[in-house]
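Each chain, written out:
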Amino acid sequence: MKIRDVFPAVYAGRYSQEVETFWEQDYHPADQHLVFVLEDIFTVECALVHELTLDEFRKHINLIFDDIIIAKKHSAMVLPFAGLDLLLLIHGAKAAGTYNQRGAMLDVFDCLTKSLYGRTMKNGEQYESQPERLWRFANPQSWQFALGVDVLQIITLWLGQLFYYSRSFSGLSQLCQDFLELSIKWAAEVIRATTMDGAFLLTQLYAWTTEYQQPDKAKDILDIISTVYSELSWGPLSAEKQHLGVHLVLTSKQPAQRESIYAELKAQGTLSAQDKMQIACEMDNSIYAIKTNFDAILSAVREFSHEVEARAKTLIDITYEKSRFFKVLNNVILTLCQQAATTELATLLTAYYHPDADWAPQDSILFILPNAKDGVLYCAKGGLAVHEQDNVVAVPVLVDIANQALSQLHILRGTPGQITPVPERTIGFPVLPLGREFERIVSSFYNLRKLGQLDISGVTALCPFNFNQLPLQALMLKELRATFPIYTSLQIKGTYPGTRNVLFWQGSSVTSEMEGNALAYIFEKAGVKLTVLVEGTATKQDFMDAYRSPDYDIIWVSSHGERGYYEPDNSSFALSHTEAVSLTELAAITVQHPHVRLLFLNVCEGGANTQIGEFLNVGFGHVVTSDNQDVLSHLWMADSLVAMLLGALVAEGLCQSGANYFSAYQSALLTLIAGEAGIIDKLTSIEPETQHPAITALIDRLQYSSNADLSNILKWGSAVYFS
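In what follows, the accompanying structure is described.

Criteria and cut-off values
Think of each chain on its own: its residues are numbered from 1, step by step along the sequence as written. The predicted origin of the model limits local features to residues at a pLDDT of at least 70 and limits the giving and counting of side-chain atom pairs to 80 or more, whereas totals for whole chains, interfaces and linings rest on all residues. The side-chain numbers reported here are obtained from all heavy atoms of the structure, hydrogens and water having been left aside. Strands here are runs of E lasting at least two residues and helices are runs of H or I lasting at least four, both read from the DSSP assignment and numbered beginning at the N terminus. The globule rule used for comparison is 2.2 Å times the number of residues to the exponent 0.38, while the radius of gyration itself is calculated over C-alpha atoms. Buried, partly exposed and exposed residues are distinguished by accessible area as a fraction of the type maximum, computed with a 1.4 Å probe on protein chains only: under 20%, between the cut-offs, and over 50%, respectively. Residue contacts follow a heavy-atom distance rule, with two residues in contact if any of their heavy atoms lie within 4.5 Å. Here, Shrake-Rupley sampling with a 1.4 Å probe gives the accessible areas, and only protein chains in the shown set may cover a residue. Positive charges come from Lys and Arg alone, negative charges from Asp and Glu alone, with His and the N- and C-terminal ends not counted. The atoms used to mark charge sites are NZ of Lys, CZ of Arg, CG of Asp and CD of Glu. The criterion for strand pairing is that DSSP finds at least two bridges linking the strands in question. Comment: axis = line fitted to C-alpha atoms, over the contacting stretch for helices; angle = value between 0 and 180 degrees taken between N-to-C directions. The working definition used for a salt bridge is a side-chain nitrogen of Lys or Arg within 4 Å of a carboxyl oxygen of Asp or Glu. Polar contacts, as used here, are pairs of N or O atoms within 3.5 Å; protein pairs need one atom able to donate a hydrogen and one able to accept it. Residues neighboring in sequence count only if both atoms are side-chain atoms. By nonpolar core is meant a set of buried Ala, Val, Leu, Ile, Met, Phe, Trp, Tyr and Cys residues that side-chain atoms within 4.5 Å join together. Multiplying 1.5 Å by the residue count of a helix minus one yields the expected span of that helix. Two aromatic rings, drawn from Phe, Tyr or Trp (for Trp, its six-membered ring), form a pair once their centres lie within 6.5 Å of each other, and the interplanar angle then sorts them: stacked below 30 degrees, edge-to-face above 60, tilted otherwise.

1. With respect to the overall build of the chain
For the chain, the helix and strand inventory stands at 32 helices and 13 strands. Relative to a compact globule of 723 residues, whose C-alpha radius of gyration would be 27 Å, the chain shows 28 Å and is just as compact. Taken along the three principal axes of its C-alpha coordinates, the chain extends 90 × 65 × 45 Å. Every one of the 723 residues in the chain was classed for burial, and the buried ones make up 58%. Taking the contacts inside the chain whose residues are at least 6 apart along the sequence as the reference set, 71% of them involve residues at least 24 apart. For the chain, the accessible area works out to roughly 28,800 Å², and carbon and sulfur atoms hold 52% of it. Across the chain, the 52 positively charged side chains and the 80 negatively charged ones have centroids separated by 2 Å.

2. Observations regarding the sheet that holds strand E6 (residues 529–534)
What the six strands build is an open sheet, ordered E6-E5-E7-E11-E12-E13; its pairing is mixed. Of all the strands in the sheet, the pair left with one neighbour each is E6 and strand E13 (719–722). The mean inter-strand angle of the sheet, taken between neighbouring strand axes irrespective of direction, is 15 degrees. The pairing of strand E11 (residues 597–602) with strand E12 (residues 629–634) spans four bridges and is classified as parallel. In the sheet register, Leu-598 faces E12, and the bridge partner there is Asp-630.

3. Some words on the pattern of salt bridges
Taken as a whole and assessed by the stated rule, the structure comprises 25 salt bridges. Lys-2 is the salt-bridge partner of Asp-26, the closest N and O atoms lying 3.0 Å from each other. Pair noted here: Asp-26 is in the loop between helix H3 (20–23) and helix H4 (34–49) and Lys-2 is in the segment before helix H1 (3–6), with a separation of 24 residues, a long-range link. A relative accessible area of 36% means that Asp-26 is categorised as partly exposed. The class of Lys-2 is partly exposed, set by a relative accessible area of 27%. The salt bridge involving Lys-217 is made with Glu-181; its shortest N-O contact spans 3.1 Å. Within this pair, whereas Lys-217 is found in helix H12 (residues 215–231), its partner Glu-181 is found in helix H10 (residues 173–191), the two being separated by 36 residues in sequence. The class of Glu-181 is exposed, set by a relative accessible area of 51%. Shared partners join several salt bridges into a network, and the residues in it are Glu-307, Arg-311, Glu-321 and Arg-324.

4. Description of the side chain of His-622
Checked against the element boundaries, His-622 lands in helix H27 (residues 620–623). Relative accessible area serves as the criterion here: at 7%, His-622 is assigned to the buried category. Reaching out from His-622, the side chain makes a polar contact with the side chain of Asn-609 at a distance of 3.4 Å.

5. Quick word on the pairing of strand E7 (residues 554–558)
Burial analysis of E7 places five of its five residues in the buried class, the great majority of the element. Burial of the side chains of E7 extends over both faces: Ile-554, Trp-556 and Ser-558 are buried on one face and Ile-555 and Val-557 on the other. By the bridge criterion, five bridges tie strand E5 (residues 501–506) to E7 in an arrangement that is parallel. Bridge pairing in E7 links Val-502 to Ile-554.

6. A word on the nonpolar core
Counting residues in hydrophobic clusters, the biggest one holds 114 residues, and the most contacted among them are Leu-366, Phe-438, Tyr-446, Phe-543, Trp-556, Phe-573 and Leu-683. Residues within four places of Phe-438 in sequence aside, it is in contact with Ile-401, Ala-402, Ala-405, Leu-406, Leu-470, Pro-471, Trp-636, Ile-713 and Leu-714.

7. What about helix H9 (residues 151–165)?
The end-to-end C-alpha separation of H9 is 21 Å, in line with the 21 Å expected for 15 residues at 1.5 Å each. Of all 15 residues making up H9, 12 are buried, and the element is well covered by its neighbours. Considered for burial, the residues of H9 that qualify are Val-151, Ile-154, Ile-155, Thr-156, Leu-157, Trp-158, Leu-159, Gly-160, Gln-161, Leu-162, Phe-163 and Tyr-165.

8. Some thoughts on the packing of aromatic side chains
The full count for this structure, using the stated rule, is 34 aromatic pairs. Relative to Trp-186, the ring of Trp-135 lies with its centre 5.7 Å away and its plane at 55 degrees, an arrangement referred to as tilted. Taken as a pair, Trp-135 in helix H8 (residues 132–135) and Trp-186 in helix H10 lie far apart in primary sequence, 51 residues in all. Pair check on accessibility: Trp-135 and Trp-186 agree, each one buried.

9. So, the sheet that holds strand E10 (residues 580–582)
If you walk across this open sheet you meet the three strands as E8-E9-E10, and the pairing is antiparallel. In this open sheet, the two strands that pair with only one neighbour each are strand E8 (561–562) and E10. Pairing of strand E9 (residues 572–574) with E10, which is carried by three bridges, proceeds in the antiparallel orientation. Bridge pairing in E10 links Phe-573 to Val-581.

Everything listed here is a matter of geometry and, on its own, says nothing about what the molecule does.
Structure (structure tokens):
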């Protein structure tokens, strides 16, 4: 029996050629070098597939997992001392970090659990931690059957990944709690940070115990880090010493030690751009220190941003990378918000996302920071308003209702026993009976009326940190009668033309044709040129050509949309039953337009993004909004009747004197809020004397719909506008 016979699926789909002789070797379970050979084969495979698409990478990673798991079921293939389980552990430890680098954060959980248990856990499944499944490999007797494999390093790498990713996956928290005592002992007595994996594990243990409020253990780990740092010398272990040194600079409670280590690190001259930014942003977060060192902070932020842009290959990759590291700015942002330092906030964000910006940052932004410890912070034009509440209690309630009402799986870095409820319906499908409770909790959490304490008359844009998938614009309109574009471009916008030329793609949703008929009538009456591309007669190439064209003021799509929950960069909208346009495809196109145009994706989930926690993430509204393009779409699966009505009302608003894209969005949403009577009044006012058949059809559909309850925010509140 050859190695290729034991792992047939991997062999059939292999990418490697240089290890072909390994595949042809005999599979002898008693061979003490066999695990090493197999590790080498799989490592080469993963290195090659890393360069391919995320879908291919995921497929091949799972092929390796599955073939190892299948081999475990056949007695002739089982290796001594759980050698195949060791291979699972090796494979999972290495693949988890790569998944994160490629933006597939949601795959990491399955990767870690499959590597330990040999299977994927179902959503919401409860399972025993079984730490002995890892610690059995710490037995030196097992090493003689894995000659050439650094088992110590594998255990250390796997633990480091576990404690790092548990702060994003609450389902791993109990696992960490059960592993904690032996992991601390392992890091202190066995590893002693003589590898980068060991240094990483030490810092992740400290971060985990700090976040999960175990100060005594955190202090013990910090003492270990301090001792190990002093024992290491600059030379072969310089990288490890530097990693621990940066951590001490950021966490030491002794100012003299912090300054001394920082001076030593600078003298070595090897700090990375990420290290420099982290030290600049986190070493001292007092408002005095931030304002005194603000130029240095901006310089470090720009250096890091440049480094990411030089390394990442695409706009999607750049967005992923910057969202991963955005948390480094969190403490600076919190302090600036608390001091209502709005000019500095705008400058910081601009430096992070546009390091070469040659424009003055916009100073008319309303910033919302919802997860400050003492409540929700609002600041605009140097003013501050605070909605005081205990967010330790309020945030879990908010996330829980969002999960239930929108059938989502957002998680918190909560207590080890916290359980995220599993959606009962398709992920992303709104549960209408929960609409009023959803609105009540979101409205109560934010208490938007606190904005009355600020002068928002000059505000032109909105920057909501975190939780940016909640319908804040809709709630602001309902409660305050006004809202602002979500400022995701962070660029100085071009001029907004009047609406003259509109490209409309009439897709396959049940109301696309009715929406198109209404637009044709409304725009013709106002003298706006409407070009219609209809599914079945027009092609994807026709759409892509139109998207690249500078001729249209609005690119308008009425069709189906689908958010890529596990591949956000492949979120897409359908052009037909067989053709779709992905976010990746649009992100690769630079919009050539002399003014600002609007991309109106009247499709489900076109306004959603990949995750909560940062400012910009991967989604249409975050990625393809630019200095000359705004985006209007929906946060969740939109009701087809409401989407059609929204389209007609936006068109009506665009045709008003002095209107622009955002004012049309705002007036359309206000009309939806007014309910059935208000909508009918608005539509009939287009032609009071004789209603056009297209308008009559809309009104009839509204009046005779059996579920047209427009008082439910899950019905009317999904539309979101990005600028």
